[in-house]
Every structure is written in structure tokens, then in C-alpha cells.
Amino acid sequence: RSISRSIGMACSAAKRQRIRVNHLSVYAHDPEKVARDVAFLVSGHAEANGPLRGERGDSWVCFFNKEDAKADGSSKVNLLDPTVTDFLEVYPRTSRLVVGSDSRASFERYDARREGGAGVHLNLAVPTGRAELEAMCEERGLRCAWRGYLPLLDVWLEEDPALLVELVPPLEEDGDSRGHGA
């Protein structure tokens, strides 16, 4: 009886799907620059997109995988398409997310530019090597540093309040997983 219960539990665990993050949203002083910088660092694609386009301010989206962008560049990616995943929405700090009267996500005008706020960061695995990541950050004028005790590069997209992306490159062939100066 306990063997059949164990087998049943193992089977249900095998059927479970892993949870995945489809997209993330952050606020920035300059959403376009942040989206374009992240797209550059991950070989992605950035475009003005999202719910705050137009008169309410500009929201930008960075698609982590270029193949998710429209091939001809003629129209925006439909963010409501459930197959569109793996992107970062970047909202202006002049708007904030609120619960709408119908309990749906909504935005209102709110100027948070003067607030210190809390820092935000995300961690992305990238196929790019260390030296190339350092050169890319230098080309974009982004401050960066290897963590030292972890094999990741801290890249500061904005500094006040902090907006950080941690980039995790493949391990070096020599097996050295420690970061080094940038």
C-alpha cells in the first residue's frame, strides 16, 4: 500500500510543470534607455510598447530573444498574445500600478521621480563571455563590476534609485567561476 502511494506521488510530481516567469516589470527614469541597454546586453530587441504608450507616458519593452520581435519591424509585438514571453516591461516613474475599480491592473499618474524608493534587480543568464560583456558595458557607458564571490556581473542601468541587472555568463573553460575586475 505504501509502495503504490509512493508511485502515485512520483507520477503526479512528474506531471507537474515548472513555474516560469513570463515577464517582469520595473520602473525607470528613462524607460527607453533601460530597455535599449538591456536589449543590447542580451542581444534582444527593444521597442516602445506596453499599456503606457501615448499620452500617459512611454513604456518600453525589452524582448530577451530577438526572434520574438516582428521580422519586418512594421508593427509592435502583441503583448496580449499568450505565446509572447521572456520580456521586461519598463515603465516611467511618472506612473504607478494600481488596482482598478474592476480589480484589474491599471495605472495612474504619479510622480515618483523625487522619491528614493527601493532598488530593484533581476538576474539573467546570458551566452556572452566575460570580456565581451565588459566591452559592451563600456560601449554603453554602464557602470559594472564582477561580484567576485559569484560568477556574475553587476550592471547598473540606473543608480538612484538603483536598477541593477546581474548578468551570468557561461563558466570559463578553465573552470574559474569567480568574477574578475571590470
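Residues numbered from 1 in each chain as written. Predicted model: local features only at pLDDT ≥ 70, side-chain atom pairs only at ≥ 80, totals over all residues. Heavy atoms only, no water.

Draft legend 1. Representation of the sheet that holds strand 3 (residues 60-63) within the structure. Pairing is mixed across the open sheet formed by four strands, whose spatial order is 1-4-3-2. At either end of the open sheet lies a strand with only one pairing partner, and these are strand 1 (23-28) and strand 2 (45-48). Here the average twist between neighbouring strands, direction ignored, is 20°. Both strand 2 and strand 3 contribute to a ladder of four bridges, which runs antiparallel. Bridged to Glu-47 within strand 3 is Val-61. Against the sheet, helix 2 (residues 31-42) engages strand 1, strand 2, strand 3 and strand 4 (87-92), with an angle of about 5° to strand 3. (Pairing = 2+ DSSP bridges. Helix = DSSP H or I, 4+ residues; strand = E, 2+ residues; numbered from the N terminus. Axes fitted to C-alpha atoms, helices over the stretch in contact; angles between N-to-C directions. Contact = heavy atoms within 4.5 Å.)

Draft legend 2. Expanded view of the sheet that holds strand 9 (residues 153-159). Taken in spatial order, the four strands make up an open sheet running 7-10-9-8, and their pairing is mixed. Looking along the sheet, the strands with just one partner apiece sit at the ends: strand 7 (120-125) and strand 8 (143-146). Averaged over neighbouring strand pairs, the angle between their axes works out to 20° when direction is ignored. Here strand 9 pairs with strand 10 (residues 162-168) via six bridges, running antiparallel. Looking at strand 10, one finds that Val-155 is bridged to Val-165. Each of strand 7, strand 9 and strand 10 is contacted by helix 2, which is oriented at about 165° to strand 9, the strand it contacts most. This element, helix 3 (residues 130-140), spans strand 8, strand 9 and strand 10 of the sheet and lies at about 160° to strand 8.

Draft legend 3. Quick peek at the pairing of strand 6 (residues 105-109). Strand direction decides the pairing type here: strand 5 (residues 95-99) and strand 6, joined by five bridges, are antiparallel. By the bridge assignment, Val-99 is partnered in strand 6 with Ala-105. Between strand 5 and strand 6, which follow one another and run antiparallel, lie five residues, and Ser-103 among them has a positive phi close to 70°.

Draft legend 4. Expanded view of the pattern of salt bridges. By the definition in use, this model includes eight salt bridges. Across the pair Glu-108 and Arg-96 runs a salt bridge whose closest N-O atoms are separated by 2.7 Å. A residue pair is termed long-range when its members are at least 10 positions apart, and Glu-108 in strand 6 and Arg-96 in strand 5 qualify at 12 residues. Residue Arg-147 is joined to Asp-154 by a salt bridge in which the shortest nitrogen-to-oxygen separation is 2.7 Å. (Salt bridge = Lys/Arg side-chain N within 4 Å of Asp/Glu carboxyl O.)

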